[in-house]
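For reference, the chains in residue letters:
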Amino acid sequence: MKKWIIAIVFLGAGVCGRAQRHAVLARVDMGAVRWTKGFWAERFEVCRDSMLPNLWTIYTDAKVSHAFENFRIAAGLDTGSHSGPPFHDGDFYKLLEGMAATYAVTKDRRLDSMMDMAIAVIVKCQRSDGYIHTPTIIEERKHPGRSTAFEDRLNFETYNMGHLMTAACVHYKATGKRTLLDAAIKAANYLEAFYRRSSPELARNAICPSHYMGLVDLYRTTGDAGYLSLAKNLIGIRGLVSNGTDDNQDRIPFHDQYTAMGHAVRANYLYAGVADVVAEAGDDSLRRNLDSIWKDVTERKLYITGGCGALYDGVSPDAVSYSPPDIQEVHQAYGRAYQLPNETAHNETCANIGNVLWNWRMLVLTGQAKYADVMEEALYNSVLSGVDLNGGRWFYTNPLRVAQAFPYALRWSGGRVPYIKLSNCCPPNLARTIAEVSGYAYSVNGEGVWVNLYGGNKLETAKAGIEQVTDYPWSGRVKLVVKRLEGALFLRIPGWCHGAVVTVNGKLFAAGLEGGKYVEVRRGWKAGDVVEVDMPMAAVLVEANPLVEEDRGQVAVRRGPIVYCLESADMPAGASVFRVAVPVGADLVPVEMRMGNSRMMGLEGNLRLLPAAGEGLYREVPKEPGKMVRVRLVPYYAWDNRGQGDMTVWMNVSR
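Because the structure is predicted, anything quoted here is derived from the model rather than measured.

### Some thoughts on the overall build of the chain
Part 1 of the argument: For the chain, the helix and strand inventory stands at 15 helices and 24 strands.
Part 2 of the argument: Against the compact-globule benchmark of 26 Å for 655 residues, the chain has a radius of gyration of 25 Å, which places it among compact chains.
Part 3 of the argument: Judged by the C-alpha coordinates and their principal axes, the chain covers about 80 × 65 × 45 Å.
Part 4 of the argument: The proportion of buried residues among the 655 residues of the chain is 60%.
Part 5 of the argument: Look at the contacts in the chain between residues 6 or more apart in sequence, and 71% of them connect residues 24 or more apart.
Part 6 of the argument: Accessible surface, the chain: about 24400 Å² in total, of which carbon and sulfur atoms supply 51%.
Part 7 of the argument: Distance from the positive charge centre (73 side chains) to the negative charge centre (70 side chains) of the chain: 4 Å.

### Quick look at the state of the cysteines
Part 1 of the argument: A complete count under the given rule lists 0 disulfides for this structure.
Part 2 of the argument: Distance from the sulfur of Cys565, which forms no disulfide, to the nearest cysteine sulfur (Cys308) is 19 Å.

### Thoughts on the sheet that holds strand β1 (residues 26-27)
Part 1 of the argument: In space, the 5 strands of this open sheet follow the order β1-β6-β7-β11-β14, with mixed pairing throughout. One side of each edge strand has no neighbouring strand; the edge strands of this open sheet are β1 and β14 (517-521).
Part 2 of the argument: The sheet contact formed by strand β7 (residues 448-451) and strand β11 (residues 488-493) spans 4 bridges and is parallel. Paired with Gly448 across the bridge in β11 is Ala488.
Part 3 of the argument: Taken strand by strand, helix α14 (residues 369-383) contacts β11 and β14, and its axis lies near 55° from that of β11.

### Some thoughts on the packing of aromatic side chains
Pairs of aromatic rings are described using the distance from one ring centre to the other and the angle between the two planes.
Part 1 of the argument: All chains considered together, the criterion is met by 30 aromatic pairs.
Part 2 of the argument: Seen from their ring centres, Phe194 and Tyr195 are 5.4 Å apart, and the 65° between their planes marks the pair as edge-to-face. Each member of the pair Phe194 and Tyr195 is classed as buried.
Part 3 of the argument: Judged by centre distance (4.8 Å) and plane angle (65°), the rings of Trp294 and Tyr371 are edge-to-face. With Trp294 in helix α12 (residues 284-301) and Tyr371 in helix α14, this pair connects stretches of sequence that are 77 residues apart.
Part 4 of the argument: Taking relative accessible area as the criterion, Trp294 reaches 10% and is therefore assigned buried.
Part 5 of the argument: Taken together, the ring pairs in this structure connect Trp35, Phe39, Trp40, Tyr380, Tyr454, Tyr472, Trp474, Trp496 and Tyr637 into an aromatic cluster.
Part 6 of the argument: For Arg523, the ring lying beneath its charged end belongs to Trp525, and the centroid distance is 5.8 Å.

### Points about the sheet that holds strand β10 (residues 477-485)
Part 1 of the argument: Taken together, the 7 strands give an open sheet; going across it, the order is β2-β8-β9-β10-β15-β12-β13, and neighbouring strands pair in antiparallel fashion. Of all the strands in the sheet, the pair left with one neighbour each is β2 (33-37) and β13 (507-514). For this sheet the average axis-to-axis angle between neighbouring strands, irrespective of direction, equals 15°.
Part 2 of the argument: The pairing of strand β12 (residues 498-504) with strand β15 (residues 529-534) spans 4 bridges and is antiparallel. Bridging from a neighbouring strand, Thr503 pairs with Glu532 of β15.

### Points about the environment of Trp639
Part 1 of the argument: For Trp639, the location among the structural elements is in the loop between β22 (627-635) and β23 (647-648).
Part 2 of the argument: With a relative accessible area of 5%, Trp639 lands in the buried category.
Part 3 of the argument: Between the C-alpha atoms of Trp639 and Val105, which are 534 residues apart in sequence, the distance is 30 Å.
Part 4 of the argument: Setting aside chain neighbours within four positions, we find Trp639 in contact with Phe395, Pro399, Val402, Arg416, Cys565, Glu567 and Met647.

### Regarding the nonpolar core
Part 1 of the argument: Within the largest apolar cluster, 228 residues are counted, with the highest numbers of intra-cluster contacts made by Phe92, Leu489, Leu491 and Val649.
Part 2 of the argument: What Val649 contacts, discounting residues up to four positions off in sequence, is Ile304, Leu400, Val555, Ala556, Val563, Tyr564, Cys565 and Tyr636.

### Let's talk about the environment of Gly643
Part 1 of the argument: Its place among the elements puts Gly643 in the loop between β22 and β23.
Part 2 of the argument: Here the alpha-carbon distance between Gly643 and Ala569, two residues 74 residues apart in the chain, equals 8.5 Å.

### Digging into helix α6 (residues 157-175)
Part 1 of the argument: Counted at 1.5 Å a residue, the expected span for α6 with its 19 residues is 27 Å, and the 26 Å between its end C-alpha atoms agrees.
Part 2 of the argument: In terms of burial, α6 is a largely internal element, 17 of the 19 residues being buried.
Part 3 of the argument: Immediately beyond the C-terminal end of α6, within one or two residues, lies Gly176, with a positive phi of roughly 80°.

Scoring rules and cut-offs
- Residues numbered from 1 in each chain as written.
- Predicted model: local features only at pLDDT ≥ 70, side-chain atom pairs only at ≥ 80, totals over all residues.
- Heavy atoms only, no water.
- Helix = DSSP H or I, 4+ residues; strand = E, 2+ residues; numbered from the N terminus.
- Rg over C-alpha atoms; globule rule 2.2 N^0.38 Å.
- Buried < 20%, exposed > 50% of the residue type's maximum accessible area, 1.4 Å probe, protein only.
- Contact = heavy atoms within 4.5 Å.
- Areas by Shrake-Rupley, 256 points an atom, 1.4 Å probe, with all protein chains shown as cover.
- Lys, Arg positive; Asp, Glu negative; His and termini not counted.
- Charge placed at Lys NZ, Arg CZ, Asp CG, Glu CD.
- Disulfide = S-S within 2.5 Å.
- Pairing = 2+ DSSP bridges.
- Axes fitted to C-alpha atoms, helices over the stretch in contact; angles between N-to-C directions.
- Phe/Tyr/Trp six-rings, centres within 6.5 Å; stacked < 30°, edge-to-face > 60°.
- Lys NZ or Arg CZ within 6 Å of the ring centre and 35° of its normal.
- Core = buried A, V, L, I, M, F, W, Y, C linked by side-chain atoms within 4.5 Å.
- Expected span 1.5 Å × (residues − 1).

What follows is the structure, given as structure tokens:
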């Protein structure tokens, strides 16, 4: 594998660059889309002004977090020991990626200088052979001549290096500076050499494999096909270890996996990485695995919020038998089909982000709207729920029901916190995701421009100039003003939509459109052409498959892509959210509201408040029908922004 780059290629796809050979779509260049007004403009502003500065302050304050201090110690700039989880390096790389993606839009020189300072320290601590992992390097400084690199398969070395690679590609594309990119290339070359010389058992070790995505990002940035080959080979040998586990998706080879299993973050990162390899190398067998696993997740294991990972802890349902040697523990994991508890749902924010990463890649690979539907569902609900509206307090888990009277404390209970000390991986992951959502809004190919997400923005590329004006997701009306465009405009009609109407320059183009597909608008475009999409956005009641035991006899409320919840803050005094029943014909009316500085749309309506019952484990049902009360539902992503209280997504249904 080359130690240097002959040329850098930018063709507008992937994180940075090269067109994906076996994919239907390509990504627009970084910075080509700028939010102008509305929902995502507000979220980007909070990310820029609050999330990133708060995380920088936390990570560079050694009294609070050693995320950056570990690099300083490893570089010999300070003394001490490593502190924090073994994936702390990756946390800091994700923060750098979010800063770089933000810089690509804002060109904020302060961000640039902050990144320069941090990168200089990171480069200084990297070994001459390219290895970089601060827990190991710090120990090597204390005990010269003794190396523990890759001795512990749970030490997250490749995970950290994968995030280094992706952050480096984003930073290079945003700034044109090679310092971090060169460090990532050295790390990738170290991995390639390590896998060639190490034992098969060591070579097959990989936990939470961000490095599959990272290696493909490097391939797209540098054009060096060795990185793509390495990623493909690592997937090929995955699962051929004697100590493999379902939790880590390596008890059996990936080629034999057709259902989602194990730790949900590791799983979704794996699936996203495989999708990257398929897009570049083409592999029908890997595609069959992905298609089967996606069907398993979306039809049997996915929460209505787009959340992934039902179990805190448990026994793997994928063991080959129930004899003691085959029984394995899983944690933060996918469970059995239709096993979707609400109060004890794990739904780690990183897993939900992994769901976005995976479905984004499947969308680019296939051009099929169903993947954009899942991506949008997760973004608006289980991803955004991971941070408060002001961008300073975070969730690790994202349950769909919370009761203050719950008789025992869950590991991650207690409301939002400014710093998740034991595992702060989610905040920087969420910050980089929000900084990069604009890159998901459009795709391109030889046929034209594909509109994947709606929001007020401007798109500027060599072949297209489009301004999008909309109050989505609070309104289903979208106006696209074309400045210039070569080819067709492909408009996504979301899966939740029924009866969409498209007009061009005020004249009807199509009506009665059902969701779950793209509509092609092709014409000879002139500057000032206006395409409008009107997607009816009524509040609807949703029920789960009856095999989902926890949701039987209950309904959730959704309006457009937004899932709603009921909080005790919006109930009459003394009334319980768990005694509310939603009439099948309930008229839930959108009401504009503000929560803090954030504008949103609540839903108000008359729901039935059932009589209070006894406190016993089992009790007779009261004969009284209860009374109708006026309540307000709020977007799920905004819950727990007004103090702790009870919350539920699923509510009793009344006929």
